[in-house]
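The chain contents come next:
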Amino acid sequence: MAGTVEQNLAAQDITLPQPAAPVANYVPFVRSGNLLFVSGQVCFGADGKLIAKGKLGAGVSVEDGAAAARGCAINLLAQVKAAVGDLEKVVRVVRLGGFVNSAPDFLDGPKVLNGASDLMVAVFGDKGRHARTTVGVAALPADAAVEVEGVFEIA
């Protein structure tokens, strides 16, 4: 029988993708003690295409940005599952760091990152509540609208 996390993913109609391979000289995740640090994941969808491309506040809406952040969170979970084999081993989502490809005057980065945060809470319940940083940036790889990294406590 599927565990609670898998049931929550299914309820959100989420199938985790194959985790993306690194595109440069880094690894997708590092475990140190009971903490798992997952490298930034851009907003590739299940079809391998960017969910949102370009700058928030200059052609990309907050809603599209939030959908992109949700996609980043799905990709984070795929990396976590690859690292530990079972999402039930996640004790807590400790922290998310979000990078929003932003026009200089765009101020709604936190609303964009709610797409990732809301998914973590939907999947993990209270143990999905986390600390978070949102940073507006001038550019992201492949002109992705959003990139999200994460730290997870693992049993």
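Residues numbered from 1 in each chain as written. Predicted model: local features only at pLDDT ≥ 70, side-chain atom pairs only at ≥ 80, totals over all residues. Heavy atoms only, no water.

It is worth spelling out the overall build of the protein chain at this point. Broken down by element type, the protein chain carries 3 helices and 7 strands. Listed N to C, the secondary structure of the protein chain is α-β-β-β-β-α-β-α-β-β in terms of helices and strands. On C-alpha atoms alone, the protein chain measures out to a radius of gyration of 15 Å, which is about the 15 Å that the 2.2 N^0.38 rule sets for 155 residues. Structurally, the protein chain occupies a C-alpha span of about 45 × 35 × 30 Å along its principal axes. A burial count over the protein chain gives 40% of its 155 residues as buried. Restricting to contacts in the protein chain with at least 6 residues of sequence separation, those with at least 24 account for 80%. For the protein chain, the exposed surface amounts to about 7,600 Å²; the carbon and sulfur share of it is 54%. Looking at the protein chain, you have 13 positive and 15 negative side-chain charges, and the mean spots of the two groups are 4 Å apart. (Helix = DSSP H or I, 4+ residues; strand = E, 2+ residues; numbered from the N terminus. Rg over C-alpha atoms; globule rule 2.2 N^0.38 Å. Buried < 20%, exposed > 50% of the residue type's maximum accessible area, 1.4 Å probe, protein only. Contact = heavy atoms within 4.5 Å. Areas by Shrake-Rupley, 256 points an atom, 1.4 Å probe, with all protein chains shown as cover. Lys, Arg positive; Asp, Glu negative; His and termini not counted. Charge placed at Lys NZ, Arg CZ, Asp CG, Glu CD.)

Once that is clear, we can look at the packing of helix H2 (residues 62-84) against helix H3 (residues 109-124). The interhelical angle for the contact between H2 and H3, taken along N-to-C directions, is 45 degrees, at an axis separation of 6 Å. In this view, H2 runs oblique relative to H3, as classed from their interaxial angle. Relative to H3, H2 is oriented so that their crossing is right-handed. When H2 is examined against H3, the residues Val-62, Gly-65, Ala-66, Ala-69, Arg-70, Ala-73, Ile-74, Leu-76 and Leu-77 are found in contact with a partner set consisting of Lys-111, Val-112, Leu-113, Gly-115, Ala-116, Leu-119, Met-120, Val-123 and Phe-124. Classifying every residue of the contact of H2 with H3 by side-chain character gives 14 nonpolar, 2 polar and 2 charged. (Axes fitted to C-alpha atoms, helices over the stretch in contact; angles between N-to-C directions. Parallel < 35°, antiparallel > 145°, perpendicular 65-115°, else oblique. Left-handed = near helix turned anticlockwise from the far one by under 90°. Nonpolar A, V, L, I, M, F, W, Y, C, P; charged D, E, K, R; others polar.)

With that settled, the discussion passes to the packing of helix H1 (residues 4-11) against H3. To describe two helices that pack against each other, one gives the angle between their axes and the distance between the axes. Remark: H1 packs on H3, axes separated minimally by 7 Å, with the N-to-C direction vectors making an angle of 125 degrees. Judged by the angle between their axes, H1 and H3 are oblique. Between H1, through Val-5, Asn-8 and Leu-9, and H3, the contact on the second element is made entirely by Ala-122, Val-123 and Phe-124. Grouping the amino acids of the contact of H1 with H3 by side-chain chemistry returns 5 nonpolar, 1 polar and no charged.

We now examine the pattern of salt bridges. Under the defined criterion, the tally for this structure stands at 4 salt bridges. Put simply, Asp-126 and Arg-129 hold a salt bridge, and the shortest N to O gap is 3.2 Å. A relative accessible area of 58% places Asp-126 in the exposed class. (Salt bridge = Lys/Arg side-chain N within 4 Å of Asp/Glu carboxyl O.)

Here we come to unusual backbone geometry. Of note in this structure, Ala-142 is not a glycine but carries a positive phi near 60 degrees. Its location among the elements puts Ala-142 in the loop between strand S6 (131-137) and strand S7 (146-154). In this model, Asp-143 sits at a positive phi of 60 degrees, which is unusual for a non-glycine residue.

What follows covers the nonpolar core. By size, the foremost hydrophobic cluster in this structure holds 40 residues, and its most contacted members are Leu-77, Val-80, Met-120, Phe-124, Val-146, Val-148 and Phe-152. Sorting elements by how many residues they give to this core places H2 first, with 9 residues. Each residue touching Phe-124, except ones within four places of it in the same chain, is listed here: Val-5, Leu-77, Leu-87, Val-90 and Val-93. (Core = buried A, V, L, I, M, F, W, Y, C linked by side-chain atoms within 4.5 Å.)

Our focus in this paragraph is the environment of Val-94. With respect to the element layout, Val-94 can be found in strand S5 (residues 90-101). Sequence separation between Val-94 and Gly-71 is 23 residues; the distance between their C-alpha atoms is 19 Å. Setting aside anything within four residues of it in sequence, one finds Val-94 in contact with Leu-35, His-130, Ala-131, Val-151, Phe-152 and Glu-153.

Below, the discussion takes up the side chain of Ser-102. Structurally, Ser-102 is set in the loop between S5 and H3. Ser-102 sits in the buried class, given a relative accessible area of 10%. A distance of 2.9 Å separates the side chain of Ser-102 from the backbone oxygen of Val-100, its partner in a polar contact. Residues within four places of Ser-102 in sequence aside, it is in contact with Lys-55, Leu-56, Gly-136 and Val-137. (Polar contact = N/O pair within 3.5 Å; in protein donor to acceptor, adjacent residues only side chain to side chain.)

What follows concerns H2. In this model H2 runs 33 Å from its N-terminal to its C-terminal C-alpha over 23 residues, within 8% of the 33 Å that 1.5 Å per residue would give. Just past H2, the residue Gly-85 takes up positive phi, approximately 85 degrees. (Expected span 1.5 Å × (residues − 1).)

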